[in-house]
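Spelled out, the chains give:
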Amino acid sequence: MSLRLRGRKNIRESLEQQPELVVLDPQTLKGRWHEFFGNDHPIHIECGMGKGQFISRMSVNNPEINYIGMDIYDELIRRGSEKARALWKSEKNADNVPNLALVRGNVELLDEMFEPGELERIYLNFSDPWPKAKHARRRLTHPRFLEKYKHVLSEIGEIHFKTDSLTLFEFSLNSFSNTELQMRNISLDLHRTEIREDLVLTEYETKFVGQGMPIYRLEAVIGKEVQAAHRRKVAEDLEHEMRRVHVKDEEE
Ligand SMILES: C[S@@+](CC[C@H](N)C(=O)[O-])C[C@H]1O[C@@H](n2cnc3c(N)ncnc32)[C@H](O)[C@@H]1O
């Protein structure tokens, strides 16, 4: 057996030994994720979690949310499990990670893993940009993926997307807009004035911010009621602002 294969076997064995944290066959939990977590808390997923810095930190910071970190590579799931366990140990002195599932899976199959409405939020953090036009279909913000997200998200579902790639962001703005998703909180330089610690940085983000690169971000909402509430809030804010300017003009 080659070293490479033996390495892979060891990684797989380590994943199989952590069924309370690592899910290798997510399709079997379709419609039953709340049984896995043992509660009815909302479920937020990061599609393409990498080494798991973001999702581990989110799970520690927000115990009332159930988190799923998904990636296609066994090795990244293994590293994510180590990171999450270490963080829960150091910050909560806990031997287990109660509100996190690390899923080895492909976003292509999202609708085979979740029932309609089973998720409340999807994070797309620094998704691979696939810069060549012939690979556009692989971008995780391609309309064909957005349709999958709409399918599995609940009526109050949201997508939060961050990237360092201007071309991916530009493509994604069109994609979201063509899929009739209501975008909000769009930023072309997220950490312009100071690091937005409230938003939890990912591994890639930490690296790019360190290099002084701008981070592009947007949120998109799914349900018609949430979209209408957002538009009402924008209209109210605008009216408030116009009244304020009017009063100021009269005073001068
Ligand atoms: C550029 S990395 C970003 C990692 C992390 N989100 C961050 O911000 O540091 C993109 C990750 O997405 C994963 N990925 C790409 N396509 C995927 C797919 N179809 N399904 C699941 N994961 C995917 C890759 O394996 C990789 O770990």
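Here, residues in each chain are numbered from 1, in the same order as that chain's written sequence. Totals for whole chains, interfaces and linings use every residue, but because this is a predicted model, local features are given only for residues with pLDDT of at least 70 and side-chain atom pairs only at 80 or more, for both listing and counting. Computation of side-chain values covers all heavy atoms of the structure but excludes hydrogens and water.

A.B. asks: I keep staring at the site of the ligand and nothing clicks. Help me out?
C.D. replies: Nearness is judged by heavy atoms alone; a residue qualifies as near a molecule or strand once a single heavy atom is within 4 Å of it. Glu-46, Gly-48, Asp-71, Asn-106 and Thr-202 are the nearest of the 17 residues found near the ligand. Whenever two N or O atoms come within 3.5 Å, that pair is a polar contact, provided that in protein one can donate a hydrogen and the other can accept it, and provided that, for residues adjacent in sequence, both atoms are side-chain atoms. A distance of 3.0 Å separates an oxygen atom of the ligand from a polar atom in the backbone of Tyr-204. Note on areas: these come from Shrake-Rupley sampling with a 1.4 Å probe, and a residue is covered only by the protein chains present in the view. Burial of the ligand by the protein chains amounts to 90% of its free accessible area of 590 Å². Three classes are used, and their members are as follows: Ala, Val, Leu, Ile, Met, Phe, Trp, Tyr, Cys and Pro are nonpolar, Asp, Glu, Lys and Arg are charged, and the others, Gly among them, are polar. In the shell around the ligand, the residues fall into 7 nonpolar, 6 polar and 4 charged.

A.B. asks: Would you mind going over the pairing of strand β2 (residues 43–47) with me for this structure?
C.D. replies: Type-normalised accessible area, obtained with a 1.4 Å probe on protein chains alone, sets the label of each residue: buried when under 20%, exposed when over 50%, and partly exposed for intermediate values. Helix and strand labels come from DSSP, where a helix needs a run of H or I of at least four residues and a strand needs a run of E of at least two; each type is numbered from the N terminus. Most of β2 is tucked away, with 5 of its 5 residues classed as buried. Residues of β2 alternate between two faces, with Ile-43, Ile-45 and Cys-47 on one and His-44 and Glu-46 on the opposite face, all of them buried. Following the backbone out of β2, through helix α3 (residues 53–61) and into the adjacent parallel strand β3 (residues 66–71), one traces a crossover that is right-handed. Sheet topology places β2 next to strand β5 (residues 119–125); 3 bridges connect them, and they run parallel. The partner of Glu-46 across the bridge, within β5, is Tyr-123. Handedness rule for crossovers: strands pointing away from the viewer, path from the first strand over the helix to the second running clockwise, crossover right-handed. Two strands pair if DSSP finds at least two bridges between them.

A.B. asks: Looking at this structure, I do not really get the sheet that holds strand β6 (residues 153–163). What am I missing?
C.D. replies: Think of a sheet as strands paired side by side through backbone hydrogen bonds, with each pair either parallel or antiparallel. Across the sheet, which stays open at both edges, the 8 strands sit in the order β1-β4-β3-β2-β5-β6-β8-β7 with mixed pairing between neighbours. On the outer flanks of this sheet lie β1 (22–23) and β7 (182–187), each paired with one strand and no other. In the packing of α3 onto the sheet, the strands contacted are β2, β3, β4 (100–104) and β5, and the crossing angle to β3 comes to about 170 degrees. Residues count as neighbours in contact if any of their non-hydrogen atoms are within 4.5 Å of one another. Lines fitted to the C-alpha atoms define the axes, with helices restricted to the stretch that makes contact. Angles between their N-to-C directions range from 0 to 180 degrees.

A.B. asks: Sorry if this is basic, but what is going on with the UniProt feature "binding site: substrate" (unreviewed entry) in the protein chain here?
C.D. replies: UniProt positions are given in the numbering used here, feature names are shortened, and annotations may be inferred rather than shown by experiment. Under the UniProt annotation, the feature "binding site: substrate" (unreviewed entry) is placed at Lys-132, Asp-164, Thr-202, Glu-203, Tyr-204 and Glu-205. A maximum C-alpha distance of 24.7 Å shows the annotated residues, which cover 74 residues in sequence, to be distributed over more than one spot. Along the polypeptide, Asp-164 turns up in the loop between β6 and α7 (166–178). Looking at Asp-164, the relative accessible area reads 23%, which means it is partly exposed. In contact with Asp-164, other than residues within four places in its own chain, are Phe-126, Phe-208, Met-213, Pro-214 and Tyr-216. Looking at where Glu-203 falls in the secondary structure, it is placed in helix α8 (residues 203–210). Excluding residues that lie within four positions of it along the chain, Glu-203 makes contacts with Lys-51, Gly-52, Gln-53 and Lys-83.

A.B. asks: For this particular structure, what's the right way to read the UniProt feature "binding site: S-adenosyl-L-methionine" (unreviewed entry) in the protein chain?
C.D. replies: Here the UniProt feature "binding site: S-adenosyl-L-methionine" (unreviewed entry) sits at Glu-46, Asp-71, Asn-106 and Asp-128. Look at the named residues: they lie 83 residues apart in sequence, but the longest C-alpha span between them is just 13.5 Å, so in the fold they bunch up. Along the chain, Glu-46 turns up in strand β2. Setting aside chain neighbours within four positions, we find Glu-46 in contact with Phe-54, Ile-55, Ile-68, Gly-69, Met-70, Tyr-123 and Asn-125. Relative to the assigned elements, Asn-106 resides in the loop between β4 and α5 (110–113). Here Asn-106 falls in the partly exposed class, since its relative accessible area comes to 34%.

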